[in-house]
Amino acid sequence: MPCVAFATSRDLPHSTPDDQLAVDALRRRGIAVEPVVWDDPAVTWSAFDQVVIRSTWDYHLKPVLYERWLRGFLATPEQLRNPPESVLANLDKRYLRVLAERGAPIIPTAWIDRGPQRPLRDLLLANAWDQVVIKPAVSASAHGTWRTTLAKAVADEQQFAAQAAESDLLIQPFIPEIATRGEWSLVFIDGDFCHAVIKLPAGGDFRVQGEYGGRSIAATPTPELIAQAAAILALVDGADHRPILYARIDGVETADGFRLMELEINEPSLYFKHSKEAAERFAAAIAGSIELRRLVVRVAMPARQLAA
Ligand SMILES: Nc1ncnc2c1ncn2[C@@H]1O[C@H](COP(=O)(O)OP(=O)(O)OP(=O)(O)O)[C@@H](O)[C@H]1O
Ligand SMILES: [Mg+2]
C-alpha cells in the first residue's frame with residue numbers, strides 16, 4: 001500500500017482539520033497517510049512514497065534546520081512535494097524581487113538587509129510613504145509583521161532597529177484594500193487553477209490570518225484574475241520541468257490593479273473546506289505521481305539488470 005507523509009510541526013502532530021479532507025481523499029484511493037513532524041530526528045523519510053509539506057508552520061523559527069531538512073531531499077527531489085529546489089527558493093520573501101524582475105506586479109517594496117539602518121523616518125520619506133507594513137523576509141502567519149506611519153516613525157525607531165538587527169526585512173506601503181476588499185488566495189493544484197478564497201481581517205486589524213481573528217470565505221475570481229495568477233505562477237523557476245503540486249497566489253485588488261502579496265509553495269493552507277473538489281484533485285495528483293514513479297522504477301529495473 002503506498003504511504004504518504006504529511007509533514008507537520010510539533011505543535012500540530014495531527015493533520016489540521018482542513019488537511020484532514022485531503023487525508024480522507026487519499027485514503028479513499030487506497031493511499032495511507034501519516035502526519036510526521038518535520039524535525040523529528042527518528043523519522044526515515046525514504047520509507048514514504050512521497051513527503052507532502054503541509055503544516056510545518058514553525059519553520060521560520062528554525063530556518064537553518066528547515067533548509068537542511070529540505071536539502072536532504074535534493075538527491076531524490078521527486079519524493080518531496082513541492083520539489084525541494086522550489087521550496088528552498090520560496091522561503092525568503094526576496095523571491096518576490098526576482099518575480100518582479102520577471103514582470104510580476106508585486107507591492108512596491110524596500111528591501112532591508114539585516115544590520116544597522118538609516119532612520120526609519122528617512123526611509124519612509126525617501127519613498128514618499130505615509131503608512132507602511134514592516135515584515136521579516138522569512139516569516140509565516142504574519143509573525144513579526146507590524147504597521148507604522150510617518151508620524152510614528154521616530155517613536156518606532158527602536159523597534160525597527162532591533163528587528164533589522166535580527167533579520168532581513170521588507171517595508172511596503174500599507175494597502176488599505178486589505179480591510180475592504182480583502183486578500184485573495186488563488187489555489188493551483190498540479191499547475192491548474194482549482195479554487196479561491198478571500199481573506200479578511202478582524203475589525204481594526206490588518207492581518208487576515210485566523211490567529212488574529214481573520215476569516216476566509218469562498219469566492220469566484222474573474223477569468224482575468226485567474227489568468228493573471230497563472231501567468232505569475234509560470235514565472236517560478238523549474239515549474240515547467242518538475243510539477244508544482246500546490247501553489248497559492250495571494251494578493252490584493254487595488255486601485256492600480258492586482259498586487260501580489262505572496263506566492264506560497266512551501267506550507268500554504270489550501271482551504272480545502274471551501275471547495276467541493278479540491279481535496280479530490282489534490283489526492284488524484286499525488287496518486288498519479290506515485291503511480292508514475294512506481295512505473296518508472298519498474299521500467300528502469302530490468303534495464304539496470306541488463307546492464308549489470
Ligand atoms: N503591504 C501590506 N498592506 C496591507 N496589509 C499587509 C501588507 N503586507 C502584509 N499585510 C498583512 O499581513 C499579513 C501577513 O503578511 P504576508 O502574507 O506577507 O506574510 P506571512 O507572514 O508569510 O503570512 P502567511 O500567513 O500568509 O504565510 C497579510 O496577510 C496581510 O494581512
Ligand atoms: Mg501571506
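Scoring rules and cut-offs
- Residues numbered from 1 in each chain as written.
- Chains lettered and ligands numbered in written order.
- Predicted model: local features only at pLDDT ≥ 70, side-chain atom pairs only at ≥ 80, totals over all residues.
- Pairing = 2+ DSSP bridges.
- Helix = DSSP H or I, 4+ residues; strand = E, 2+ residues; numbered from the N terminus.
- Right-handed = clockwise from strand over helix to strand, strands pointing away.
- Axes fitted to C-alpha atoms, helices over the stretch in contact; angles between N-to-C directions.
- Contact = placed C-beta atoms within 7 Å.
- Domains from an automatic or database assignment.
- Buried ≥ 20, exposed ≤ 12 C-beta atoms within 10 Å, placed from the backbone.
- Arc of directions from axis to C-beta.
- Core = buried A, V, L, I, M, F, W, Y, C linked by C-beta atoms within 7 Å.
- Near = placed C-beta within 6 Å.
- Nonpolar A, V, L, I, M, F, W, Y, C, P; charged D, E, K, R; others polar.

Section: the pairing of strand β2 (residues 32-37)
Walk down a regular strand and you will see the side chains alternate between the two sheet faces. Pairing of strand β1 (residues 3-8) with β2 involves 6 bridges; the strand directions are parallel. Paired with Phe6 across the bridge in β2 is Pro35. Crossover β1 to β2 through helix α1 (residues 17-28) is right-handed.

Considering the sheet that holds strand β9 (residues 183-189)
With antiparallel pairing, 5 strands are arranged side by side in an open sheet as β11-β10-β9-β12-β13. The outermost strands of the open sheet, each flanked by one partner alone, are β11 (215-218) and β13 (257-264). When the angles between neighbouring strand axes are averaged without regard to direction, this sheet yields 30°. Sheet topology note: the β9/strand β12 (residues 246-254) ladder contains 6 bridges and is antiparallel. Paired with Val187 across the two strands is Arg248, which belongs to β12. Its contacts with the sheet place helix α8 (residues 223-233) against β9, β10 (192-200), β12 and β13, and it is angled at close to 45° to β13.

Some remarks on the domain arrangement of the protein
With domains assigned, the protein is organised as domain 1 (3-91 + 276-307), domain 2 (95-104 + 177-265) and domain 3 (110-173). Inter-centroid distance (C-alpha atoms) of domain 2 to domain 3 is 23 Å. Listed per partner, the contact involves 6 residues of domain 2 and 5 residues of domain 3.

Topic: helix α2 (residues 63-71)
Each full turn of the α-helix corresponds to 3.6 residues, which orients residues three or four apart in the same direction. Within the span of α2, buried status applies to Tyr66, Trp69 and Leu70. The buried residues of α2 occupy an angular sector of 100° when projected down its axis, which confines them to one face. Seen from the buried face of α2, the exposed residues on the opposite side, beyond 90 degrees, are Val64, Arg68 and Arg71. On its buried side, α2 packs onto α3 (84-90).

A short note on the nonpolar core
Among the nonpolar cores identified, the biggest contains 63 residues, and Ala22, Val187 and Phe282 are the most heavily contacted of them. Here this core gathers at least three residues from each of two domains, domain 1 (3-91 + 276-307) and domain 2 (95-104 + 177-265). Beyond its immediate chain neighbours, meaning those up to four positions away, Phe282 contacts Ala22, Ala25, Ile189 and Tyr246. Within the second largest apolar cluster, 13 residues are counted, among which are Ile112, Trp129, Val132 and Ala153.

Focus on the sheet that holds β1
Pairing within the open sheet is parallel, and its 4 strands lie in the order β2-β1-β3-β4. Looking at which strands have only one partner, the edges of the open sheet turn out to be β2 and β4 (80-81). Taken together, the 5 bridges between β1 and strand β3 (residues 50-55) define a ladder with parallel strand orientation. Looking across to β3, one finds that Phe6 is bridged to Val52.

What about the site of ligand 1?
Around ligand 1, the structure places 21 residues, and the nearest of them are Val133, Ala142, Gln172, Ile175 and Val208. For the shell around ligand 1, the secondary-structure elements that each account for two or more residues are β6 (131-136) and β13. Residues belonging to the shell around ligand 1 are distributed by class as follows: 11 nonpolar, 6 polar and 4 charged.

Topic: unusual backbone geometry
Most peptide bonds take the trans configuration, and most residues that are not glycine carry a negative phi. Residue Asn82 is reached from Arg81 by a cis peptide bond, and omega for that bond is -5°. Looking at the element boundaries, Asn82 is found in the loop between β4 and α3. With a phi angle near 55°, Asp190 is a residue other than glycine that sits in the positive phi range. Examined against the element boundaries, Asp190 turns out to sit in the loop between β9 and β10. Classification of Asp190 by C-beta neighbours within 10 Å gives partly exposed; the count is 17. A positive phi is found at Tyr271, a non-glycine position, where the angle reads about 50°. Structurally, Tyr271 is set in the loop between β13 and α9 (278-307). On the neighbour-count criterion, Tyr271 (21 C-beta atoms within 10 Å) is buried.

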